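Remarks on the overall topology
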Amino acid sequence: MVIGAAIALGAGGLGGVGAGAGGAATESVGAANVSVARVTQSRQAARKGRADDAWRGLNLRRTRQAAEPAINCVVNSYGRVQDFFRHNPCKSLDRTLFTLADPTGNTFVVSVSWVRMRQRNDVGKLKRLIDVDGTGSVTQLGAGLLREQGVRFTGTPFRSRPRPGMLVVAEGAVVSGRPDPQLFSLVVDVAAELPG
């Protein structure tokens, strides 16, 4: 099963922002430094659909990836978000799960879902609902298998980004180690830039 292979694990660690050589602002990632310019390049690569380039720009490497299209958002969601889809059916749902590793061996998964809505105005309604903690979400690809391995999506870090007719939902979960929360949040934010 593709999902099972993708969950054979891998990523992350970022410190704070400071002045690097020559006074340029840098973001410390594990033992390496990532400049603000590289973060910007990572975001640009993600917007162009070049996920691996985005991860490399953050000193991460993808160890696994799984993807799966779906049509039924009701079956692939939970909580009040699932109720929303019962009354406002989605047009399609694509989900990807990235397993990432940082240079020090921390690993985490990043789930990205692209929810295409039938009605454009439903995108804003879905975003307002899904952004509230405790209202449910789109079920992450492989969530059941990950749970069996002790990996939990807690809602932090989380990012939703609206696009015309679509909502991109990204969320991360630690697999092993202690990834820095700033890097973890940054990676999820960059993942939400992926075009699907």
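Keep in mind that this is a model prediction, so the values were computed, not measured.

1. A short note on the side chain of aspartate 102
With respect to the secondary-structure elements, aspartate 102 resides in the loop between strand E6 (90-101) and strand E7 (107-117). One buried charge, aspartate 102, has no salt-bridge partner; the nearest side chain with opposite charge is arginine 61, at 8.1 Å. Of the polar contacts made by the side chain of aspartate 102, one reaches the backbone nitrogen of threonine 104; its length is 2.9 Å. A distance of 2.9 Å separates the side chain of aspartate 102 from the side chain of asparagine 106, its partner in a polar contact.

2. Structural notes on the state of the cysteines
Within the structure shown, the criterion is met by one disulfide. A disulfide bridge connects cysteine 73 with cysteine 90, and the sulfur atoms are separated by 2.0 Å. Disulfide cysteine 73 to cysteine 90: torsion about the S-S bond roughly 100°, handedness right-handed. With a gap of 17 residues between them, cysteine 73 in the loop between strand E4 (61-70) and strand E5 (77-78) and cysteine 90 in strand E6 connect regions that are remote in the sequence. Residue cysteine 73 shares its accessibility class with cysteine 90, and that shared class is buried.

3. Section: the packing of helix H2 (residues 36-47) against helix H7 (residues 181-191)
For any two helices packed against each other, one specifies the crossing angle of their axes together with the interaxial distance. Close contact between H2 and H7 brings their axes to 9 Å; oriented N to C, the two are set at 35°. Across the interface between the two elements, Val39, Ser42, Arg43 and Ala46 from H2 touch Leu186, Asp189 and Val190 from H7. Its residues assigned to classes, the contact of H2 with H7 shows four nonpolar, one polar and two charged.

4. Overview of the packing of helix H4 (residues 79-87) against helix H5 (residues 121-130)
Their axes nearest at 10 Å, the elements H4 and H5 cross at an angle of 165°. Classified by the interaxial angle, the pair formed by H4 and H5 is roughly antiparallel. You can see that H4 and H5 cross each other, and the crossing is right-handed. Together, Arg80, Val81, Phe84 and Phe85 of H4 and Asp122, Lys125, Leu126, Leu129 and Ile130 of H5 make up the contact between the two elements. Residue classes in the contact of H4 with H5 are distributed as six nonpolar, no polar and three charged.

5. Re the side chain of serine 137
With respect to the element layout, serine 137 can be found in strand E8 (residues 136-138). For serine 137, a relative accessible area of 4% translates into the label buried. Setting aside anything within four residues of it in sequence, one finds serine 137 in contact with Ser77, Tyr78, Val81, Ile130, Phe158 and Val169.

6. Quick look at the environment of methionine 166
Tracing the sequence through the fold places methionine 166 in strand E10 (residues 166-176). As a C-alpha pair, methionine 166 and aspartate 122 span 44 residues in sequence and 8.9 Å in three-dimensional space. Leaving out residues up to four positions away in the same chain, methionine 166 has contacts with Trp114, Val115, Arg116, Val123, Arg161 and Pro195.

7. Some points on the confidence of the model for the protein chain
On average, residues of the protein chain score 85 in pLDDT, and 83% of them are at 70 or above. Of the regions scoring below 50 in pLDDT, residues 1-32 engages in 98 contacts with residues more than four places distant in sequence or in other chains.

8. Focus on the pattern of salt bridges
Pairs can form between side chains of opposite charge whenever their charged atoms are close. Applying the stated criterion across every chain yields a total of 13 salt bridges. Close ionic contact of arginine 47 with glutamate 193 constitutes a salt bridge, the shortest N to O distance being 3.0 Å. Note that arginine 47 is positioned in helix H2 and glutamate 193 in the segment after H7, a separation of 146 residues in sequence. Classification of arginine 47 as partly exposed rests on a relative accessible area of 44%.

Definitions and limits used
Residues numbered from 1 in each chain as written. Predicted model: local features only at pLDDT ≥ 70, side-chain atom pairs only at ≥ 80, totals over all residues. Heavy atoms only, no water. Helix = DSSP H or I, 4+ residues; strand = E, 2+ residues; numbered from the N terminus. Buried < 20%, exposed > 50% of the residue type's maximum accessible area, 1.4 Å probe, protein only. Lys, Arg positive; Asp, Glu negative; His and termini not counted. Salt bridge = Lys/Arg side-chain N within 4 Å of Asp/Glu carboxyl O. Polar contact = N/O pair within 3.5 Å; in protein donor to acceptor, adjacent residues only side chain to side chain. Disulfide = S-S within 2.5 Å. Axes fitted to C-alpha atoms, helices over the stretch in contact; angles between N-to-C directions. Contact = heavy atoms within 4.5 Å. Nonpolar A, V, L, I, M, F, W, Y, C, P; charged D, E, K, R; others polar. Parallel < 35°, antiparallel > 145°, perpendicular 65-115°, else oblique. Left-handed = near helix turned anticlockwise from the far one by under 90°. pLDDT = per-residue confidence, 0-100.

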